[in-house]
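# Descriptive analysis of the structure
If you want the building blocks of each chain, they are given just below.
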Amino acid sequence: MTKLIVEAHNATDLAPKDGEGSASPFVEVDFDEQRQRTQTRPKDLNPQWNEKLVFTVADPNDLLHKTIDVTVYNDRLGKSHRKNFLGRVKISGASVPFSDSEAVVQRYPLDKRDIFSQIKGDIALRIYAVPDYNETPIASNVEAVKNSDTPLREINPNRKIEEEIDQIPEPNFAADNHKTFKKKKKEKEVRTFHSIGTAAGGGGGGGQSAPPPSGTFSGVPFEAHQKPAPVFETRRDYAQAGPPAAAAAVMRMQVPSQNPEFALVETRPPVAARLRDRRGGKTGDKTASTYDLVEQMHYLYVSVVKARDLPVMDISGSLDPYVEVKLGNYKGVTRHWEKNPNPVWKQIFGFSKERLQSNLLEVTVKDKDIVKDDFVGRVIFDLSEVPLRVPPDSPLAPQWYKLEDKHGIKTTGEIMLAVWMGTQADESFPEAWHSDAHNISHVNLSNTRSKVYFSPKLYYLRVAVIEAQDLIPSDRGRAPDVIVKVLLGNQLRQTRPSQMRMVNPVWNEELMFVVSEPFEDFIIVSVEDRVGPGKDEILGRVILSVKDVPHRMETSKLPDPRWFNLHKPSDAAKEETEKKKEKFSSKIHLLLCLEAGYHVLDEATHFSSDLQPSSKHLRKQSIGILELGVLSARNLLPMKGKEGRVTDAYCVAKYGNKWVRTRTLLDTLAPRWNEQYTWEVYDPCTVITIGVFDNCHTNGNKDDARDQRIGKVRIRLSTLETDRIYTHYYPLLVLTPTGLKKHGELQLALRFTCIAWVNMVAQYGKPLLPKMHYVQPIPVKHIDLLRHQAMQIVAARLGRAEPPLRRENVEYMLDVDYHMWSLRRSKANFQRIMAVLSGLSSVCRWLDEICYWKNPITTILVHVLFLMLICYPELILPTIFLYLFVIGMWNYRFRPRHPPHMDARLSQAEFAHPDELEEEFDTFPTTQRPDIVRIRYDRLRSVAGRVQSVVGDLASQLERAQALLSWRDPRATAIFIIFSLIWAVFIYVTPFQVVALLVGLYWLRHPRFRSRLPSVPVNFFKRLPSKSEMLL
């Protein structure tokens, strides 16, 4: 005989089921008609059981063909005898190891009971089988106990145990015994009986014993034998000793706790806005009023403007001056000017006050030389005398300072400087050379600075190709197959071949493009004849400037189409055409206009940050202000470990057409930016995106080097309360081909301030997109292509800035590959649908409980309410809306307290299969081997087959409804129309309230009057014919 051990350790992120946002879970395990359960953990969505359940396996060979059912329930704690389903796991017996040492703790995602179950979370289990070493009858056991040196001992946990116990037994359970233990209440002592096993083999003692391990025996927690708490006596007929290895393994086992790494962490940083709120709206530090969402960081600023009358240091009479600003071990250097005694630098240096290593600031002018730079003069400042500049004061005026030699004696030459203490709110902060970038050259210094960017203003260009006339093909004996190609920058569109194959073809086809201001591109329209496969002959073309295209404002009338002359592409043909221009020319009829009433989509509409039309005349006034404070990050992964460095992190935030980039903090895993930015908000139903990147261009890397992604955060503004400050650490999650990785945490401060409440409330009743998107919608098949082109234009424009916002930044922030196929994302979308439908399923289950009188009091109350609504039908709608109001007010207690963030479980990313991720990150078209592509294709066919079955079942149900009156089944249709006539007469002569009363009472009838068989209407409907048998 063999024992099956099921250790239930813990569960995480269970679904709340008690109506108060929590649950009281317990585990019930079924195996081979044996059922056992753990204790209930009240009000705990992340329970810790640490209990062991033991089952009897009659034949170890049968274990391979059996299943272990582990179900998690919510104990309603006396409210009723019903238990709520929280999830289940089915484990095949073939996967159970026959050794304790081979068993490991595994986490199993909880499965649903049906597609409408609202289940989440996972459970940690450890399952193994061990042989039963003590199978002798009870009488033999008693005789052995009498003759052994280690009898059955009585252990009192209320006094110190001096004798060590070698081994703790694992008790046996009867097949039908579902109660594992029973509490014993005594007034003086609580006693527990254990069987003391022998040291080796069978009989006598003499073996040295050990203290009882912190294990679990048949539902008793691991720690039960170490605490003088109430201990439970196992209800058994006999006890037996388990193998020593099992107890030792339980002692060594480490139970995994909840993994909180993907959770949001609320913080309370000492930002000025919070300090002001604590003091009742008053703050003593007026310098904190500009940047009140970030921590103040003080800097010593040194502005080196210019010098004059510098002395000549070289024999040749020339001077190549530069300035060295030194503070402790930090040293900043300006550019040097050749042969210039009156140089102008206009450079600013910033030294963090936290890293000041000296009380003296030394500004030295030197002469650049081949061997050793010559000393020209210097100026020394005492930091205690440096003034403090308080924003929003005007910039500090620079002053002339006489240079001194190394002995403090005035020399020839002066330098213009400004030295002050300020914060990151200073306008010199973005352009300053910072002390943490002391090893960056002047060429690469710009790649570390903070900047603000604006996306170009985008428009849709509509080109309607109507017709052409008098085309001249090279082969006049053949009917031309003519198409029109339109080229705009790198965007190429073409029409379908004209249905009329003649020299005057007609198309009547519209093509859409994306253009940006200042409209420097040209439109090249070419008419081509397909003379063969892959061979097109140009019959003529015309070049137009985008600047000359008229604008169209909203739903105004389209501009009139125009005829354009077509020219041959060769120069000779052009000259010939110019000479014969008045005599003859092929023509094309086009309608062109710039659509200013649309919003050009460069982001996915699900998380768009800008919904305004292209024309500024059509834009509405702002309704609020969004303030973002990029505070810090922690626990970043070293992205440059191979180079002997860690991470050069910077942040990029995008909202509307405004992009911001923080400065790059070099070689740190815990950067502190403390930079604050502001946006105007025109629509509350928009999303701000913040991404973190590793800068790969700080040491003169090649231009083709790509900044690495660290993670990003999306926050929807409509989920934020107005005038509230949110400060949290957001997990930086990145999905890679090897799985989900957390690259650190980003601390942000957010505040959404509303300045026009009426306009903001009115926004909820207005269309999401401008009017043109609904009056003349763009075809869905063009949306993704136009969005990709818009992203290309934005990336190209921002990539020309200094420092550039590179293509990898723009692609990651705009989710350029969001529309690509992903099995993981498809599963996530399906789970989202099921989560929404689970609410409807809960209502249906509640109605089913009412109909079957599961809770008689509730059913009686529903009967009373139903009779009231029948007698007073005018109360139906008020009751419905009052119920919705009450439910909304009840749910207000459980409203989200934190802004949303990337949910790994919702995204199905935490347990995604590696092959699915490899497919998701594959290029398009694929570059994988044919065998891998074949496997993916077969898997896709399997998924599509299931979808096909569901769609087919839905079609069958709809066709059955259609067959009620179609006479496909003449007998069924005759029965239905006769029944309809009888009901029409009955309802006509009977008051409606009586009919509704009879139907309602029949629907709410007692289960005694119900049958387990389907009802007559359901049977009749299922017998109606569908068209499934007509399919090939």
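The coordinates are above.
Below you will find a few notes about this structure.

What counts, and at which threshold
- Here the residue index of a chain counts from 1 through its sequence in written order.
- Selection of residues for local features in this predicted model requires a pLDDT of at least 70, selection of side-chain atom pairs for listing and counting requires 80 or more, and totals for whole chains, interfaces and linings are taken over all residues.
- To obtain the side-chain values, all non-hydrogen atoms of the structure were included, while hydrogens and water were left out.
- Helix and strand definitions follow DSSP, with helices as H or I runs of at least four residues and strands as E runs of at least two, each counted in order from the N terminus.
- Burial classes: relative accessible area under 20% of the type maximum marks a residue as buried, over 50% as exposed, and values in between as partly exposed (1.4 Å probe, protein chains only).
- The contact rule is simple, with two residues in contact once any of their heavy atoms fall within 4.5 Å.
- Accessible areas in this description were obtained via Shrake-Rupley with a 1.4 Å probe; residue shielding takes into account the shown protein chains only.
- Put plainly, a pocket is an open set of points on a 1 Å grid over the protein atoms alone with protein on both sides within 12 Å along at least five of seven lines, a cavity is a set where a 1.4 Å probe fits but cannot get out, and a lining residue has an atom within 4 Å of a point.
- Grid points are joined across faces, edges and corners, and a volume is the space filled by probe spheres set on the points.
- Between 30 and 60 degrees the pair is tilted, below 30 it is stacked and above 60 it is edge-to-face, where a pair is any two Phe, Tyr or Trp rings, Trp via its six-membered ring, whose centres lie within 6.5 Å.
- Geometry is summarised by axes, namely lines fitted to C-alpha atoms with helices restricted to the contacting stretch, and by angles between N-to-C directions that run from 0 to 180 degrees.
- In this scheme the crossing of two helices becomes right-handed for a clockwise turn of the near helix relative to the far one and left-handed for an anticlockwise turn of less than a right angle.
- Each residue receives one of three labels: charged for Asp, Glu, Lys and Arg, nonpolar for Ala, Val, Leu, Ile, Met, Phe, Trp, Tyr, Cys and Pro, and polar for the others, Gly being one of them.
- Each helix should span, by expectation, one fewer than its residue count multiplied by 1.5 Å.
- A carboxyl oxygen of Asp or Glu within 4 Å of a side-chain nitrogen of Lys or Arg is what we treat as a salt bridge.
- Definition of a polar contact: a pair of N or O atoms within 3.5 Å, with one able to donate and the other able to accept a hydrogen when the atoms are protein atoms, and with sequence-neighbouring residues admitted only if both atoms are side-chain atoms.
- Nonpolar side chains (Val, Leu, Ile, Met, Phe, Trp, Tyr) within 5 Å and like charges within 9 Å form the patches, drawn only from residues with over 30% relative accessible area and no salt bridge.
- A pair of strands counts as paired when DSSP detects no fewer than two bridges linking them.
- For classification purposes, an angle smaller than 35 degrees is called roughly parallel, one larger than 145 roughly antiparallel, one from 65 to 115 roughly perpendicular, and anything else oblique.
- Put simply, a nonpolar core is a bunch of buried Ala, Val, Leu, Ile, Met, Phe, Trp, Tyr and Cys residues held in one set by side-chain atoms that sit within 4.5 Å of each other.

### So, the overall build of the chain
Looking only at helices and strands, the chain features 17 helices and 40 strands. Of all 1032 residues assigned to the chain, the portion counted as buried reaches 44%. Long-range pairs, those at least 24 residues apart, make up 71% of the contacts in the chain with a sequence separation of at least 6. Taken as a whole, the chain presents about 56,100 Å² of accessible surface, with 56% of it coming from carbon and sulfur.

### Quick word on the layout of surface pockets
The gaps left among the atoms become clear once a water-sized probe is rolled over them. In this model, the second largest pocket occupies a volume close to 1,900 Å³. Of all the elements in the fold, those that place two or more residues in the lining of the second largest pocket are strand 38 (708-716), strand 39 (725-736), helix 9 (807-814), helix 10 (823-851), helix 13 (914-920) and helix 14 (930-962).

### Observations regarding the packing of aromatic side chains
One pass over the full model with this rule turns up 17 aromatic pairs. When the ring of Tyr-299 is compared with that of Tyr-301, the centres are 6.1 Å apart and the planes differ by 40 degrees; the resulting orientation is tilted. Side by side, Tyr-299 and Tyr-301 carry an identical accessibility label, which is buried. With a centroid separation of 6.5 Å and 75 degrees between ring planes, the pair formed by Tyr-655 and Trp-679 is classed as edge-to-face. Placement of Tyr-655 in strand 34 (residues 649-655) and of Trp-679 in strand 36 (residues 672-681) is noted, with a sequence separation of 24 residues between them. A relative accessible area of 4% means that Tyr-655 is categorised as buried. Its relative accessible area of 3% is what places Trp-679 among the buried residues. One aromatic cluster is present, formed by Tyr-299, Tyr-301, Trp-420 and Phe-429 through successive ring pairs.

### Overview of the packing of helix 8 (residues 780-798) against helix 9
Any two packed helices are characterised by the angle at which their axes cross and by the distance between the axes. As a packed pair, helix 8 and helix 9 sit with axes 9 Å apart at the nearest point and diverge in direction by 140 degrees. Between helix 8 and helix 9 the crossing geometry is right-handed. Two secondary-structure elements touch here, helix 8 through Arg-787, Met-791, Gln-792, Val-794, Ala-795, Ala-796 and Leu-798 and helix 9 through Arg-807, Val-810, Glu-811 and Leu-814. Partitioning the contact of helix 8 with helix 9 into residue classes produces seven nonpolar, one polar and three charged.

### Quick notes on helix 14
For helix 14, built from 33 residues, the straight-helix expectation of 48 Å at 1.5 Å per residue is met to within 8% by its first-to-last C-alpha distance of 46 Å. Listed in full, the buried residues belonging to helix 14 are Ile-932, Arg-936, Ser-956 and Arg-960. Of the surrounding secondary structure, the elements contacted by the buried residues of helix 14 are helix 13 and helix 17 (1016-1022).

### Concerning the pattern of salt bridges
Overall, the coordinates contain 52 salt bridges when judged by the stated rule. We note a salt bridge from Asp-815 to Arg-714, for which the minimum N-O separation is 2.3 Å. Note that Asp-815 is positioned in the loop between helix 9 and helix 10 and Arg-714 in strand 38, a separation of 101 residues in sequence. On the accessibility criterion, Asp-815 (11% relative accessible area) is buried.

### Here we look at unusual backbone geometry
Omega for the peptide link from Glu-517 to Pro-518 comes to 10 degrees, which places this bond in the cis form. Between Phe-924 and the following residue, Pro-925, the backbone shows a cis peptide bond with an omega angle of 0 degrees. Positionally, Pro-925 belongs in the loop between helix 13 and helix 14. Phi at Asp-13 is positive, roughly 55 degrees, even though this residue is not glycine. By the secondary structure assignment, Asp-13 is in the loop between strand 1 (2-12) and strand 2 (25-31). Here the phi dihedral of Asp-723 falls at roughly 65 degrees; this positive angle occurs in a residue that is not glycine. Relative to the assigned elements, Asp-723 resides in the loop between strand 38 and strand 39. Judged by its relative accessible area of 49%, Asp-723 falls in the partly exposed class.

### Observations regarding the side chain of Gln-747
Summarising the element assignment, Gln-747 is placed in strand 40 (residues 739-754). Residue classification places Gln-747 among the buried residues on the basis of a relative accessible area of 5%. A distance of 3.0 Å separates a polar atom in the side chain of Gln-747 from a polar atom in the side chain of Thr-267. Among the polar contacts listed, one links the side chain of Gln-747 to the side chain of Tyr-729, at a separation of 3.5 Å.

### Quick look at a nonpolar patch on the surface
Judged by side-chain polarity, Ile-876, Leu-877, Ile-880, Phe-881, Tyr-883, Leu-884 and Ile-887 come together as a nonpolar surface patch covering roughly 710 Å² of accessible area. Within the secondary structure layout, Ile-887 lies in helix 12 (residues 876-891). Accessibility expressed as a relative area gives 32% for Ile-887, which makes it partly exposed.

### Observations concerning the side chain of Glu-920
Relative to the assigned elements, Glu-920 resides in helix 13. At 3.0 Å, the side chain of Glu-920 forms a polar contact with the side chain of Ser-822. With residues near it in sequence (within four places) discarded, Glu-920 still touches Leu-735, Trp-821, Ser-822, Arg-824 and Arg-825.

### Observations concerning the sheet that holds strand 2
The strand order 3-2-5-6 describes an open sheet built from four strands, whose pairing is antiparallel. A strand with exactly one partner marks an edge of an open sheet, and here the two such strands are strand 3 (34-37) and strand 6 (84-92). Along the sheet, successive strands turn relative to each other by an average axial angle of 20 degrees, direction set aside. By the bridge criterion, four bridges tie strand 2 to strand 3 in an arrangement that is antiparallel. Looking at the pairing, Val-29 lines up with Gln-36 of strand 3.

### Some words on the sheet that holds strand 25 (residues 482-488)
With respect to topology, four strands assemble into an open sheet ordered 26-25-28-29, the strand pairing being antiparallel. In the strand order of this sheet, the two ends are held by strand 26 (491-494) and strand 29 (535-545), each with one partner. With direction set aside, neighbouring strand axes in the sheet form an average angle of 20 degrees.

### Some thoughts on the packing of helix 10 against helix 11 (residues 856-871)
Interhelical geometry of helix 10 versus helix 11 gives an angle of 95 degrees and a closest axis separation of 8 Å. By the criterion of interaxial angle, the relationship of helix 10 to helix 11 is roughly perpendicular. Note on element contacts: helix 11 touches helix 10 through Thr-858, Thr-859 and Val-862, opposite Trp-846, Glu-849 and Ile-850. In the contact of helix 10 with helix 11, the residues fall into three nonpolar, two polar and one charged.

### Some words on the nonpolar core
Leu-628, Trp-679, Ile-688 and Leu-746 are the most contacted members of the largest nonpolar core, which has 35 residues in total. Contributions of two or more residues to this core are made by strand 33 (624-634), strand 34, strand 36, strand 37 (687-694), strand 38, strand 39 and strand 40. Of all the elements, strand 40 adds the most residues to this core, at five residues. With near-sequence residues (within four places) excluded, Trp-679 lies in contact with Gly-624, Ile-625, Leu-626, Leu-628, Ala-653, Tyr-655, Lys-658, Val-660 and Ile-688. Core analysis: the second largest hydrophobic core is formed by 31 residues, Val-6, Leu-14, Val-57 and Ile-119 among them.

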